[in-house]
Amino acid sequence: MNEAYCINLARMSATYVKIIFQIVFMGILAATSLCHAKELAITFDDAPTPDSALMSGNERTQKIIAALQKAKVPDALFFVQADRLNKSTQMRLDQYAAAGFHIANHSYSHQSASALGKKNYIADAKSAHLLLKNQNNFLPFHRFPYLDCGKDKSSILAIRDSLSELGYKDGYITIANYDWHISNLLAKASENKKNINYENAKKFYVDTLFSAIEFYDEVARKALGKSPKHVLLLHENDAAALFLGDLIAHLRSKGWKIISPQKAYEDPISRDLSNISYHHQNRVAAIARRSGIPEDKLYHVSENVDYLDKAFVEAGVVY
Ligand SMILES: [Zn+2]
């Protein structure tokens, strides 16, 4: 055997070994992604919400707790608008905490940080902090009303610094939707003494939300190359009280796993603040925007009041 032949043989063997390694590696990757359930935590904004034509606030709390417990959801986080606290609503927070769920800060008066300006927003969040910090099962997460973190980069950074001095972490979301509008449509139908077809309403709520959840997971996969631990934004509203259990069952039937918000906030995207100025939507959208995905591809079709009004009628929810 001459030297050139030996070198060629060695090169060929090295190439074969490399190819075999690549095949094994790709196989492991494929198996991992197949086995890895998509994960999502459930959070509720604007608690404790007022009575509606459909149900009292107390009833709403009972139904949400019952649905979470029946579905054995490991934890849920309730972001509180602190100016809604009084003797009766305080009891509702105590009930969430007694059931093992957690309480967090969603400002005092629910005004946008851009509108209030940095000084007033910080004061507003601090007022909420004083009322919330000693609540049972309080966790130091803060979520901005309307997901608006401030008017410009310097305000955003100043507000963030003040919140972290108070010990807060960002209660960002990854999945937005207009559940609040669906709930308003239902309450309005009840107020106007219309008949509600609850089977159709359930299907409409579950299908609309599930479609938004899958949409943002797809955006995340494009931007990150994988599915992160998601944080779903819901509101403490009638629609959730009525159909939360059905949404959870549907998610699980499609391979989703419900995790605790604390676990979701351990995902590496919790530390990704590289597109801090793009804040009015959600963390996945900010990362996707940075990776060049155009803004008009970052909203789900149902994040539109006119679309939902029309779809609500077409779904035969009210008759
Ligand atoms: Zn809110």
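Here the focus is the coordination of the zinc ion. Protein-derived coordination of the zinc ion comes from Asp46 (OD), His106 (NE2) and His110 (NE2), at a distance range of 2.0 to 2.1 Å. All donors of the zinc ion belong to a single chain; written as a sequence motif, their spacing is D-x59-H-x3-H. Taken together, the positions of aspartate 46 in strand S1 (residues 38-47) and histidine 106 in the loop between strand S3 (102-105) and helix H4 (113-116) put the pair 60 residues apart, joining distant regions of the chain. The residues aspartate 46 and histidine 106 share a single accessibility class, namely buried.

Scanning the model with the defined rule gives 13 salt bridges in all. Taking the shortest distance from any N to any O, the salt bridge between arginine 60 and aspartate 238 comes out at 2.7 Å. Placement of arginine 60 in helix H2 (residues 57-70) and of aspartate 238 in helix H9 (residues 238-253) is noted, with a sequence separation of 178 residues between them. Here arginine 60 matches aspartate 238 in class, with each residue buried. Of the charged contacts, one joins lysine 203 and aspartate 207 as a salt bridge, the two residues approaching to 2.6 Å between their closest N and O atoms. One end of the pair, lysine 203, and the other, aspartate 207, are both in helix H8 (residues 198-224), 4 residues apart, so they sit about a helical turn from each other. By relative accessible area, which is 53% here, lysine 203 ends up exposed. Aspartate 207 gets classed as partly exposed once you look at its relative accessible area, which sits at 35%. Sharing partners across several salt bridges, the network here consists of Arg160, Asp170 and Arg283.

With that settled, consider the environment of asparagine 192. With respect to the element layout, asparagine 192 can be found in the loop between helix H7 (179-191) and H8. On the accessibility criterion, asparagine 192 (45% relative accessible area) is partly exposed. Separated by 139 residues in sequence, asparagine 192 and alanine 53 place their C-alpha atoms 9.1 Å apart.

To continue, consider the packing of helix H5 (residues 118-132) against helix H6 (residues 153-165). It is the contact of H5 with H6, at a shortest axis distance of 10 Å, that shows an interaxial angle of 25 degrees. The angle between H5 and H6 falls in the class roughly parallel. Judged by the sense of rotation from one axis to the other, the crossing of H5 with H6 is right-handed. Facing H5, whose interface residues are Lys118, Tyr121, Ile122 and Ala125, H6 presents Ser155, Ala158, Ile159, Ser162 and Leu163. Residue composition of the contact of H5 with H6, by class: 6 nonpolar, 2 polar and 1 charged.

Counting 81 residues, the largest nonpolar core has Leu40, Phe44, Ile64, Leu68, Phe78 and Tyr205 as its most contacted members. Sequence-distant contacts of leucine 40, defined by excluding residues within four places in its chain, comprise Ile175, Ile213, His230, Leu232, Leu251, Trp256, Lys257, Ile258 and Ile259. Listed in part, the 9 residues of the second largest apolar core include Val219, Ala288, Ile293 and Leu298.

The N-to-C vectors of H8 and H9 enclose an angle of 60 degrees; their axes lie 9 Å apart at closest approach. Accordingly, the angle class assigned to the pair H8 and H9 is oblique. Crossing of H8 against H9: the hand is right-handed. For the pair formed by H8 and H9, the contact residues are Tyr198, Ala201, Lys202, Tyr205, Val206, Leu209, Phe210 and Ile213 on the first element and Ala239, Ala240, Leu242, Phe243, Asp246, Leu247, His250 and Leu251 on the second. For the contact of H8 with H9, the class distribution of residues is 13 nonpolar, 1 polar and 2 charged.

The rules behind the values
Residues numbered from 1 in each chain as written. Predicted model: local features only at pLDDT ≥ 70, side-chain atom pairs only at ≥ 80, totals over all residues. Heavy atoms only, no water. Donors = N, O, S within 2.8 Å, 3.2 Å for Na, K, Ca; no water. Helix = DSSP H or I, 4+ residues; strand = E, 2+ residues; numbered from the N terminus. Buried < 20%, exposed > 50% of the residue type's maximum accessible area, 1.4 Å probe, protein only. Salt bridge = Lys/Arg side-chain N within 4 Å of Asp/Glu carboxyl O. Axes fitted to C-alpha atoms, helices over the stretch in contact; angles between N-to-C directions. Parallel < 35°, antiparallel > 145°, perpendicular 65-115°, else oblique. Left-handed = near helix turned anticlockwise from the far one by under 90°. Contact = heavy atoms within 4.5 Å. Nonpolar A, V, L, I, M, F, W, Y, C, P; charged D, E, K, R; others polar. Core = buried A, V, L, I, M, F, W, Y, C linked by side-chain atoms within 4.5 Å.

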